[in-house]
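These are the residues of each chain, in order.
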Amino acid sequence: EFFKIKGFGLQARPPGVANLPIYVAALGLTAAKRAARYADGLILTLTPPSYERELVQIAQQSAEAAGRDPTRLKIIHILPSFPSDDVAVAAGAARRMICRYVALPFYANMFASAGFREEVKDIQETLERQQMQQAQQAVSKRMINAVAALGNVASYQEGIERHQAAGAEVVVYPNAVTADEPAAWHDAIELVLEQRREIANEPKNIVRSFAWQRYLQ
């Protein structure tokens, strides 16, 4: 079947392969179950490891029930990183990002199901009052640690291992910590690349993200 979509385009050219793998983004358990029946893999982001573990198990069970090999189902987790020597500044950037996602109902539902119901309630209530600063402060340290990586690349390994243990491969995605401007993104990518060069034994799952690929082309 072929579908025509308006107002959408691919930023990257598809590789010249006959069977292009199809990955489906999934946040909810039902979506993961359905996607595992048809897709080659799932893409997850901002899913805490404890919730992610359940999601991966359900996806694998669904694939098996559909007569597919569950070990061939790829689970990719995109881990937002905030590279900075100032962890407090990085945490502030992470709080701003998380607030933006909690404002979206499907992400709010996922966070609530993953054990952050009180944080979601507080964030949504303050956002409704248009109190952005207070909403950001409602993002707990526990919530940040569950979904993001702060500081330098070496410190990301703990977060990477938590998601690996949940059953996912990890892509680290660098975010600007100072401003949503091209120069800030440039600085974030440069910092991550520089820190990667300084690590003798690089974590094998720190790979170039889509942003890095665009920057390096």
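Note: the structure precedes this text.
Residues numbered from 1 in each chain as written. Predicted model: local features only at pLDDT ≥ 70, side-chain atom pairs only at ≥ 80, totals over all residues. Heavy atoms only, no water.

(A) Spotlight on the overall build of the protein. Assigned secondary structure in the protein consists of nine helices and five strands. Secondary structure elements of the protein occur, N-terminal to C-terminal, as β-α-β-α-β-α-α-α-α-β-α-β-α-α. Among the 217 residues that make up the protein, the fraction classed as buried is 43%. If you take every contact in the protein between residues at least 6 apart in sequence, the share linking residues at least 24 apart comes to 67%. Surface accessibility of the protein: about 13100 Å² in total, with carbon and sulfur atoms responsible for 51%. (Helix = DSSP H or I, 4+ residues; strand = E, 2+ residues; numbered from the N terminus. Buried < 20%, exposed > 50% of the residue type's maximum accessible area, 1.4 Å probe, protein only. Contact = heavy atoms within 4.5 Å. Areas by Shrake-Rupley, 256 points an atom, 1.4 Å probe, with all protein chains shown as cover.)

(B) Just the environment of A63, in detail. Position of A63 relative to the elements: it lies in helix α2 (residues 49-65). Residue A63 is classed as buried on the basis of its relative accessible area of 2%. Separated by 27 residues in the primary sequence, A63 and A36 place their C-alpha atoms 5.1 Å from one another. Not counting chain neighbours up to four residues away, the residues in contact with A63 comprise A36, R68, P70 and L73.

(C) Seen up close, the nonpolar core. Formed by 43 residues in total, the largest nonpolar core has its most connected members in L42, F82 and F111. At the level of elements, α1 (29-38), β2 (41-45), α2, β3 (74-83), α3 (87-102), α4 (105-128) and α6 (141-147) are the ones that each hand at least two residues to this core. Of all hydrophobic cores here, the second largest spans six residues; its members include L79, A149, Y156 and I160. (Core = buried A, V, L, I, M, F, W, Y, C linked by side-chain atoms within 4.5 Å.)

(D) A look at the packing of aromatic side chains. Counted according to the given criterion, the structure contains two aromatic pairs. Look at Y101 and Y107: their rings are 4.7 Å apart centre to centre, the planes differ by 70°, and that puts the pair in the edge-to-face class. The class of Y101 is partly exposed, set by a relative accessible area of 28%. Taken together through their ring pairs, the aromatic side chains of Y101, F106 and Y107 make up a single cluster. (Phe/Tyr/Trp six-rings, centres within 6.5 Å; stacked < 30°, edge-to-face > 60°.)

(E) Structural view of the side chain of H163. Assignment of secondary structure puts H163 in helix α7 (residues 157-165). Classification of H163 as buried rests on a relative accessible area of 2%. Leaving out residues up to four positions away in the same chain, H163 has contacts with T47, P49, E52, H77, L79, A146, A168 and V170.

(F) The arrangement of α4 in detail. With 24 residues, α4 should cover 34 Å at 1.5 Å per step; its first-to-last C-alpha distance of 13 Å lies more than 12% under that length. Maximum bend of α4: about 135°, positioned at F116. All of the buried residues in α4 are Y107, A108, M110, F111, A112, A114, F116, E119, V120, I123 and T126. For α4, the secondary structure elements touched by its buried residues are β2, α2, α3, α5 (132-137) and α6. Directly after α4, the chain includes Q130, whose backbone phi takes a positive value near 60°. (Expected span 1.5 Å × (residues − 1). Bend = angle between axes of the 7 residues up to and from the residue.)

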